[in-house]
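Topology and contacts: notes
Letter by letter, the chains look like this.
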Amino acid sequence: MRDFNSLSPAEALGLLDSTVSGLTVFGRVPKSEPMELLRAFIDLVIAGELRLAASAYSNLTTSLLTCGARRVSGNIWKDYILDVMLLQDDPFARATASSRMDSAVFTAVRSDLALIQQLFSLDEELLASIAKDRARELSAKGRTPSDTASAIATAAWGGGTVHHVPKEYKLPAPAPSFKYAFSWNYGEFGITDSYFADEALEGMYRRFLEEENWSELIDSLWNFHSTYGSGQFLRYRNFFFDGNGRDLKPMPDLRPGDFVPLAEGEYGKLINNAIAFMRDECAKPMLLCGGHGMGKTTMMLELTDELPRLHLVYVTGGCGELPALFEVLKQQPLKFMVLIDNLRPGQLEGIFEPLIPMNVLLAACSTEPMHSGLFEVTVTLPHLQLGEFVQTVHKLLEARQLSLPIEVIRSACVDYQVDTRCEFNIASAVRIAELLQS
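Predicted model, so just to flag it, every value in this text is computed and none were measured. (Residues numbered from 1 in each chain as written. Predicted model: local features only at pLDDT ≥ 70, side-chain atom pairs only at ≥ 80, totals over all residues. Heavy atoms only, no water.)

A tally of helices and strands in the chain yields 17 helices and 7 strands. Out of the 438 residues belonging to the chain, those deemed buried represent 48%. For the chain, the proportion of contacts with a sequence separation of at least 24, taken over those separated by at least 6, is 72%. Of the roughly 21300 Å² of accessible surface on the chain, a fraction of 51% belongs to carbon and sulfur atoms. (Helix = DSSP H or I, 4+ residues; strand = E, 2+ residues; numbered from the N terminus. Buried < 20%, exposed > 50% of the residue type's maximum accessible area, 1.4 Å probe, protein only. Contact = heavy atoms within 4.5 Å. Areas by Shrake-Rupley, 256 points an atom, 1.4 Å probe, with all protein chains shown as cover.)

As structure tokens, then:
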């Protein structure tokens, strides 16, 4: 691999032009604006449009700061390159995630890896040097700038002053030498935020930072995507789906430790089914029924907390778009629980178990049983009587490390029910526990 710093500015410009032009898969990723601005900078410098080249350089730096590439390497350009290779939903990542071998794309990515390794050593000083050298070249050839601004830019990039400006242009003072205004370096290598696939990402970052021949990393890149997926599935574990535009929206991670097992028998049936799904033994759709405020959603969400490799897609609407959602999820090498909250009769018409991908566990919460035959596992939370309600409050207080006599808890439960007319449910039990704790 040729080092930009070992070349003359003119040679570096030629190499940079051929390298960027040679990119295929990595040259057209979703976050392609920085690469497009670099391409524009190169074209403008070659064309001698140095004022516009200066603008493209400034826009490139701004784009690197704002494109959303993860801060990890200590350099905003290197962050962008690592983001392009590892975190974008490009054709190679998508094909690999779905275990499809596309030989043409595989070959193109191997070639791209060599080219993008060349670009990895690019820095702001080199771009300034290339522009300055081009400005001096134009000045030596006696090229007449097309306007005052171009004259200033040519002089500024070249480190000289303006000469032979037509009479109608008046310059107040010689232009200063060009200096890059912002360093692309900001620190050392380190991960300061959290992505779902960090277990593997940190190793991939180090491989690319240390490997001398990136083309040799094609198999590592394949194994990475075939295990951890592509695009946003590398960043997030849980998602919202409302059927609007068929897009998944990131969902904040659930807080561990908030769940108190209250209906252990019912929860046991759900978790056993989920474990069988994770082990590829079966994928039986499951339904949890119960009255309002019985903690159905909380119980279902606890499954994903207890099974860290189970991804959650929380459906808040758009059940008619579930087939499109299933199509997206089956392209990933991950396990998903698609949870429909507050399911109502008729919402899943046309959904049959053969249509559900093998990597999707369909789950739902409802206030009433469904008789569609879709849910092979149906669990019903019974209505709480006073004695069960008192024991529920007692368990909640124990989880908060507070011990009170049963008589005190019973009295508080009766008083609360008389005052509020609320049913004996989990939501009321939580409220009473909070009142007793305060």
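We are not done yet, so read on.
The buried fraction of strand β6 (residues 360–366) amounts to 7 of the 7 residues, a majority that puts the element mostly inside the structure. Alternating residues of β6 divide into Val-360, Leu-362, Ala-364 and Ser-366 and Leu-361, Ala-363 and Cys-365, and every residue in both groups is buried. Across 4 bridges, strand β3 (residues 286–289) lies against β6 in parallel orientation. Opposite Cys-289, over in β6, you have Ser-366 as the bridge partner. Where strand β5 (residues 335–340) lies against β6, 5 bridges are found, and the strand directions are parallel. Pairing of Phe-336 across the sheet is with Val-360, part of β6. (Pairing = 2+ DSSP bridges.)

Turning our eyes to something else, we now look at the sheet that holds β5. An order of β2-β1-β4-β5-β6-β3-β7 is seen for the 7 strands of this open sheet, with the pairing classed as mixed. Each edge of the open sheet carries a strand with a single partner, namely β2 (248–251) and β7 (377–380). Between one strand axis and the next, the sheet turns by 25° as a mean value, whatever way the strands run. Two strands pair when backbone bridges link them, and β3 and β7 are joined in this way by 4 bridges, in the parallel orientation. From the neighbouring strand, Cys-289 faces β7, where its bridge partner is Thr-380. Sitting on the sheet, helix α14 (residues 322–329) is in contact with β1 (238–241), β2, β4 (310–315), β5 and β6, with an inclination near 165° to β5. (Axes fitted to C-alpha atoms, helices over the stretch in contact; angles between N-to-C directions.)

Turning next to the environment of Ala-135. Topologically, Ala-135 is positioned in helix α7 (residues 124–140). Along the backbone, Ala-135 and Glu-49 are 86 residues apart, and their C-alpha atoms lie at a distance of 9.5 Å.

Let us look at the packing of aromatic side chains. Evaluated as defined, the whole model comprises 14 aromatic pairs. Each ring, one from Phe-92 and one from Phe-106, has its centre 6.3 Å from the other, and the planes form 50°; the classification is tilted. Of this pair, Phe-92 sits in helix α5 (residues 91–97) while Phe-106 sits in helix α6 (residues 103–120), and the two are 14 residues apart along the sequence. Each member of the pair Phe-92 and Phe-106 is classed as buried. Look at Phe-233 and Phe-336: their rings are 5.6 Å apart centre to centre, the planes differ by 75°, and that puts the pair in the edge-to-face class. Taken as a pair, Phe-233 in helix α11 (residues 232–235) and Phe-336 in strand β5 lie far apart in primary sequence, 103 residues in all. With respect to class, Phe-233 is no different from Phe-336; both count as buried. Members of the aromatic cluster, connected to one another through ring pairs, are Tyr-57, Trp-77, Tyr-80 and Trp-184. Positioned over the ring face of Tyr-195 is Arg-70, at 3.8 Å from the centre of the ring. (Phe/Tyr/Trp six-rings, centres within 6.5 Å; stacked < 30°, edge-to-face > 60°. Lys NZ or Arg CZ within 6 Å of the ring centre and 35° of its normal.)

Packing of helix α15 (residues 386–399) against helix α17 (residues 426–437) brings their axes to within 9 Å, and their N-to-C directions diverge by 50°. Comparing their axes, α17 and α15 come out oblique. Between α15 and α17 lies a crossing of right-handed hand. Where α15 abuts α17, its residues Phe-389, Thr-392, Val-393, Leu-396 and Leu-397 lie against Ile-426, Ser-428, Ala-429, Val-430, Ile-432, Ala-433 and Leu-436. (Parallel < 35°, antiparallel > 145°, perpendicular 65-115°, else oblique. Left-handed = near helix turned anticlockwise from the far one by under 90°.)

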